[in-house]
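# Per-entry structural report
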Amino acid sequence: MGERTRNVIDIVSLTKRYGRTVGVEGLDIGVGEGEVFGFLGPNGAGKTTTMRCLVGLLRPTAGRVRVLGRDPFSEHLRLAPSLGYLPGELRLYPELTGRETLRLLAALQGAPARLQDELCERLSLSGADLDRTVRAYSRGMKQKLGLVQALQHEPELVILDEPTEGLDPLVQETFYALLAEVRAAGRTVLLSSHVLPEVQRTCERVAIVRAGRLVTVGSVAALREARARKVRLTFADGLGRRPLGAADRWSPAWHGDQAVLMIPPDRTVAALRELLALPVRDLTVEEAGLDEAFLDLYRNGMVVRTGPDDQNNQNNRNRGTPP
Ligand SMILES: Nc1ncnc2c1ncn2[C@@H]1O[C@H](COP(=O)(O)OP(=O)(O)OP(=O)(O)O)[C@@H](O)[C@H]1O
């Protein structure tokens, strides 16, 4: 029997190694029922590895994962009707038609594919398309087929590895609408993406991973609050690059005689005091764009504290870095 848990996904100290290569190391993430949760990170960060552990395709080296209270590796078949999965690299049988593919996958899911026709229609997979062999499909058509099979049996949990890869903008919009419907129905989604606006738009919470480790997890709103301040300085003497004393630890970028520094919000005032000892002619301070904040996390793995790792934290208006 699977134990009952509050979370639809529980990842506790998950480590997966491939021989000596680390896939993920000591990962802890919980995803609550009805959440749309984003998984972000640069190439090779461990997103796919984690997702493959969650759907029972990989066995963790250490730690544990629970999906709907069950161990996905040993209880794969029992979970199949409740789980929808779109792999990052979808491998299909090229000699089957689209329709045969969906039928086969529905049989493996072990649940009626009630939404199949509606999803094909909304994602513009025509009857003629579905009668063609998958060998003749374009990349986008394969991705649409992948989305249909992931959603067709109305699973409680949908795990999508870069779902909008290869979709044209119109189909992407349809996908976002489908996601909103899944969410409105109280079902749970975990999706990985490299597309930041997509994550901002669709997810309440995100986890950022880098080199197999969790960098931060929090609500998109809290990440916005915690992002760096962008300080731009112009010097009175017209001379460019120079030492900025202690502020050099913020790795200034120089554009002619202007220096741009990205400073964590709780350090900005102290940094400004130091900077004003220099011959500054003009100074502006603005919040870094969310993209810049994420890029910073990607690059530096800077840990942003986003307050308690609360469920459904959309309304978290805490400033910056609570203790
Ligand atoms: N089958 C495998 N054998 C050996 N190493 C692997 C295997 N799969 C993944 N890895 C390694 O594990 C690490 C994490 O890879 P993973 O595919 O999980 O990252 P990702 O975040 O999904 O990346 P991307 O954004 O590029 O899809 C990488 O160093 C990768 O090289």
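Residues numbered from 1 in each chain as written. Predicted model: local features only at pLDDT ≥ 70, side-chain atom pairs only at ≥ 80, totals over all residues.

Labelled according to an unreviewed UniProt entry, the protein appears under the name ABC transporter, originating from Streptomyces hiroshimensis. According to the UniProt record, the Sequence similarities (unreviewed entry) comment for the protein reads "Belongs to the ABC transporter superfamily." (UniProt positions renumbered as here; feature names shortened; annotations may be inferred.)

## Let's talk about the UniProt feature "domain: ABC transporter" (unreviewed entry) in the protein
UniProt records the feature "domain: ABC transporter" (unreviewed entry) at residues 9-236, using the numbering of this structure. Helix makes up 35% of residues 9-236 and strand 30%, and the two end C-alpha atoms of the span are 56 Å apart. (Helix = DSSP H or I, 4+ residues; strand = E, 2+ residues; numbered from the N terminus.)

## Some thoughts on the site of the ligand
Neighbouring the ligand are Tyr18, Thr21, Gly23, Gly41, Asn43, Gly44, Ala45, Gly46, Lys47, Thr48, Thr49 and Gly88. Secondary structure elements with two or more residues in the shell around the ligand: β2 (21-32) and α1 (47-54). In terms of residues, the shell around the ligand owes the most to one element, α1, which gives three residues. Residue composition of the shell around the ligand, grouped by class: two nonpolar, nine polar and one charged. (Near = placed C-beta within 6 Å. Nonpolar A, V, L, I, M, F, W, Y, C, P; charged D, E, K, R; others polar.)

## Remarks on the nonpolar core
Of all hydrophobic cores here, the largest spans 61 residues; its most connected members are Val148, Ile159 and Val189. The greatest single-element share of this core, amounting to six residues, is contributed by helix α6 (residues 139-151). With residues near it in sequence (within four places) discarded, Val189 still touches Val36, Phe37, Val158, Leu160, Leu179, Val182 and Arg183. (Core = buried A, V, L, I, M, F, W, Y, C linked by C-beta atoms within 7 Å. Buried ≥ 20, exposed ≤ 12 C-beta atoms within 10 Å, placed from the backbone. Contact = placed C-beta atoms within 7 Å.)

## Digging into the sheet that holds strand β1 (residues 7-18)
What the three strands build is an open sheet, ordered β2-β1-β4; its pairing is antiparallel. Looking at the sheet topology across the chains shown, the edges are occupied by β2 and β4 (62-67). Adjacent strand axes in the sheet meet at a mean angle of 20 degrees, parallel and antiparallel pairs treated alike. Against the sheet, α1 engages β1, β2 and β4, with an angle of about 120 degrees to β1. (Pairing = 2+ DSSP bridges. Axes fitted to C-alpha atoms, helices over the stretch in contact; angles between N-to-C directions.)

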